Amino acid sequence: MKPTKAHTEESFVMAADFVQRAPPGTPIILDSGCGTGRSSIALALSHPQSLVIGVDRSLPRLRRHLSTYGIPQRRESPHGIPHQTEHLFPLNLLLIRAELSEFWLQALSAGWNLKAHYILYPNPNPKRLKSRWHGHPAFPLILMLGGDIIVRSNWRTFLSEFSEAVVIAHEACEVSSGANSFASPYQESAVKGPDAYDPTKRDG
C-alpha cells in the first residue's frame, strides 16, 4: 500500500477536528471532487443540521472559489485554502485538499458513517475504466462509508455502470444494518452539466 500523501494526512486531521467539535451524532455529508466548492456551499446551505465536507485534489480549483463568489483574499491555511469564518462560508462547511481514495480510507478507519456522499462527476473519461470510480480499486470504500450515494454525470453510460456495480457489490456481500453497510444508490442525471445542479432536498 502506498503511503498517504502528507497533504491528505494534514487535511484529514482538520476534517476529524471539524467533526469532533460538532455535537455527537451530527450527520456528515461528503462532497467528493468538489472542484471550486460551489456544490459544497449549496449543500451546506440546504442541510444546515449536517456537516458538509468538500474534498478536491486540486488546489487551484479550491482557490478559484474566491474569485467565483467575490470572496476577498484572507490569510491562508497551510494547504493554501483560506481559513473559513462565518463571514465567508456556512459554519457547517469545510473545504479541504486531499487525494480522494486516501481520504476515504482514513474516514473509514476513523469510523465515519456518512449521511450522504455526493460524487458530482461532470464528464468521466469514457475510454479508461480505471478513470471511472466503479472501476477504481477504491470503489469498495465508497460503499463502505455508507449513506445515500448521489452520482451525477453528463454521460448516461457512467451512471448505468455505477448503478450496476453497486447492485453487483451488494449481491456479492452480506449486508449488515450497522455502520459501514453498503448504501442504496440514488442517481441524479444532469445532462445540462455541472452548473445546473441545485440541491433541493433539505434537512427535515
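The present account deals with the structure reproduced in this document. Predicted, not measured: the structure shown is a model, and the values here were computed from it. (Residues numbered from 1 in each chain as written. Predicted model: local features only at pLDDT ≥ 70, side-chain atom pairs only at ≥ 80, totals over all residues. Heavy atoms only, no water.)

1. Concerning the pairing of strand 5 (residues 148–152)
And then number 1: In terms of burial, strand 5 is largely enclosed, as four of its five residues are buried.
And then number 2: One ladder, built from five bridges, connects strand 4 (residues 116–120) with strand 5; its direction is parallel. Each bridged residue has a counterpart across the sheet, and for Tyr118 the counterpart in strand 5 is Ile150. (Buried < 20%, exposed > 50% of the residue type's maximum accessible area, 1.4 Å probe, protein only. Helix = DSSP H or I, 4+ residues; strand = E, 2+ residues; numbered from the N terminus. Pairing = 2+ DSSP bridges.)

2. Comments concerning the nonpolar core
A general tendency of soluble globular proteins is for nonpolar side chains to be buried together.
And then number 1: Grouped together as the largest cluster of nonpolar side chains are 37 residues, with contacts concentrated most on Ile53, Val55, Phe103, Trp104, Trp112, Trp133 and Phe162.
And then number 2: Per-element tally for this core: the top contributor is helix 6 (residues 156–172), with six residues.
And then number 3: Here Ile53 is in contact with Ala15, Phe18, Val19, Ile28, Ile29, Leu30, Asp31, Leu94, Ile96, Phe103 and Trp112, once residues within four sequence places are set aside.
And then number 4: Counting residues in each nonpolar core, the second largest holds 14 residues, with Ile41, Leu43, Val52 and Ala116 among its members. (Core = buried A, V, L, I, M, F, W, Y, C linked by side-chain atoms within 4.5 Å. Contact = heavy atoms within 4.5 Å.)

3. Describing the pattern of salt bridges
And then number 1: Using the criterion set out here, one finds five salt bridges in the structure.
And then number 2: Between Asp17 and Arg21 there is a salt bridge, with the nearest N and O atoms lying 2.8 Å from each other.
And then number 3: For Arg21, a relative accessible area of 60% puts it in the exposed group.
And then number 4: For the salt bridge of Asp56 with Arg61, the shortest nitrogen-to-oxygen distance reads 3.0 Å.
And then number 5: Exposure remark for Arg61: the relative accessible area of 33% places this residue in the partly exposed category. (Salt bridge = Lys/Arg side-chain N within 4 Å of Asp/Glu carboxyl O.)

4. Points about the packing of helix 1 (residues 6–20) against helix 4 (residues 100–109)
Working note: a packed helix pair is described by the angle between its axes plus the distance between those axes.
And then number 1: At their nearest, the axes of helix 1 and helix 4 sit 10 Å apart, and the two run at 45 degrees to each other. With respect to each other, helix 1 and helix 4 are oriented oblique. Considering only the axes of helix 1 and helix 4, their crossing is right-handed. Note on element contacts: helix 4 touches helix 1 through Glu102, Phe103, Gln106 and Ala107, opposite Thr8, Glu9, Phe12 and Ala15.
And then number 2: Partitioned by chemical class, the residues of the contact of helix 1 with helix 4 number four nonpolar, two polar and two charged. (Axes fitted to C-alpha atoms, helices over the stretch in contact; angles between N-to-C directions. Parallel < 35°, antiparallel > 145°, perpendicular 65-115°, else oblique. Left-handed = near helix turned anticlockwise from the far one by under 90°. Nonpolar A, V, L, I, M, F, W, Y, C, P; charged D, E, K, R; others polar.)

5. Topic: the packing of aromatic side chains
And then number 1: Evaluated as defined, the whole model comprises six aromatic pairs.
And then number 2: The interplanar angle of 35 degrees and the centroid separation of 5.2 Å between the aromatic rings of Phe12 and Trp112 together place this pair among those described as tilted. Linking Phe12 in helix 1 with Trp112 in the loop between helix 4 and strand 4, this pair joins segments that are 100 residues apart in sequence.
And then number 3: By relative accessible area, Trp112 is classed as buried at 7%.
And then number 4: Ring geometry for Phe139 versus Phe162: centroids 5.5 Å apart, planes at 90 degrees, classification edge-to-face. Remark: Phe162 occurs in helix 6 and Phe139 occurs in helix 5 (residues 139–144); sequence separation between them is 23 residues. By the burial criterion, Phe139 is buried, and Phe162 matches it.
And then number 5: Ring pairs connect the aromatic residues Phe12, Phe103 and Trp112, which therefore count as one cluster. (Phe/Tyr/Trp six-rings, centres within 6.5 Å; stacked < 30°, edge-to-face > 60°.)

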